[in-house]
Amino acid sequence: KFYELSVSDTVKNGDAFLKLVIEPNSSVAEDVFRVFVNEVEIRAEQKNNSEIFGSASSALLKNIDQISSSTSLDDPTSAQSKALKWLLEQDPFRGTLSTSRSMNRYTIAVIYLSLRLPNIAAHLVGQENECSWTGVTCDAAGDVIKIDLQNSRLTGEIPSEIQYFAPTLEHVDFSENNIVGSIPDGLYSLRKLINLYLHNTTLTGTLSPKVSNWAELNNLYLGNNELIGEVPKEITMLRKLRFLILHANKFNGNIPSSFNEMKSLFYLDLSYNDLTGGLPGSLSGCTKLRHAYLDHNKLSGPIPSSYGRLGGDWIIDLTMDSNQLTGGLPSEWGDRKKL
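A quick note: this is a predicted structure, and the numbers were derived from the prediction, not measured.

**Q** Hey, could you go over the state of the cysteines for me, with residue numbers and the actual values?
**A** Scanning the entire structure with this criterion turns up one disulfide. Disulfide pairing is shown between cysteine 131 and cysteine 138; the S-S distance is 2.1 Å. One disulfide, between cysteine 131 and cysteine 138, carries an S-S torsion of -95 degrees and so falls in the left-handed class. Like cysteine 131, the residue cysteine 138 is buried in the burial classification.

Structural data, given as structure tokens:
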């Protein structure tokens, strides 16, 4: 008895039509794995049948190999293996889409499966255009620019495969969920990100110096998680950042000293952490700063006199209570009109 699976992938570069035939071979307790291109056999070899469950264009598989490890693809319980199996065997539109469209579908499926989106089957069937899938928004060219799964009862991990959307993805919102694990390297590859909302989850691990890759970022919300380690100094390289929310984590060490480079910073929340050392005088260089929350840490020393100029004349909220600060208040604060 032969088991045959054919997959065609219609792409612009004219990939050939491939066919997989698995012929059981009881004498060696393995199957004979045969590949045909346009009905001409090009390879026959013995493979354990758990290793192979489909065939597609070489371009598609090459792209998948670039973002997913062989270990994950070989593990039948992994999100990557399940996503590939769905793409090759269950996707109603398999064999009719371009490689780029298939890659979009694979990557989104991995995200759904890794994050454990409830009722996953309902989100993967019935929609030809992946731009209409739950939480996915595309631009006019069909490129994914936004993934919003806020408050979607997610309980899994963010997969590194999200890096596939690095050239176009501008908005990611996985907030208000029970996400576990750390921020994956793939997320730091999203150089076009403008908004990143990961607050009110249960993320662990550290915040990598690779945050410097997010040069276009306007809003970074990481509050109310379990993040540890120091706030990387590279975060001050984000010149376009307006909202930096890191409250209610377990960050320790000193506050970065080069905040004066963040000319766009409007809202800063570092409260409820374990930050130590003194208040950085460079914060006074943030001329657009209107809200700064530094309370409930272990900060010590005097309040810098430069804080009298904090935010120009327009600082509205400044909290520094529940620290170990000493000395008096800057005399310049007596003229504050908005504080």
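**Q** How would you summarise the nonpolar core if you had to cite specific residues and measurements?
**A** Counting residues in hydrophobic clusters, the biggest one holds 78 residues, and the most contacted among them are Phe174 and Trp214. Those elements giving two or more residues to this core turn out to be α1 (58–67), α3 (79–90), α4 (99–115), β5 (136–138), β6 (144–148) and α6 (185–188). Among the elements that line this core, the one with the most residues is α4, at eight residues. Not counting residues up to four positions away in its chain, the partners in contact with tryptophan 214 are Leu187, Tyr188, Leu190, Leu193, Leu196, Leu220 and Leu238.

**Q** Run through α4, naming residues and quoting values.
**A** Between its first and last C-alpha, α4 extends 24 Å over 17 residues, near the 24 Å set by a 1.5 Å rise per residue. Within α4, 14 of the 17 residues are buried, which leaves the element mostly enclosed by the surrounding structure. Phi turns positive, to about 60 degrees, at arginine 116, one or two residues after α4.

Parameters and conventions
- Residues numbered from 1 in each chain as written.
- Predicted model: local features only at pLDDT ≥ 70, side-chain atom pairs only at ≥ 80, totals over all residues.
- Heavy atoms only, no water.
- Disulfide = S-S within 2.5 Å.
- Buried < 20%, exposed > 50% of the residue type's maximum accessible area, 1.4 Å probe, protein only.
- Core = buried A, V, L, I, M, F, W, Y, C linked by side-chain atoms within 4.5 Å.
- Helix = DSSP H or I, 4+ residues; strand = E, 2+ residues; numbered from the N terminus.
- Contact = heavy atoms within 4.5 Å.
- Expected span 1.5 Å × (residues − 1).

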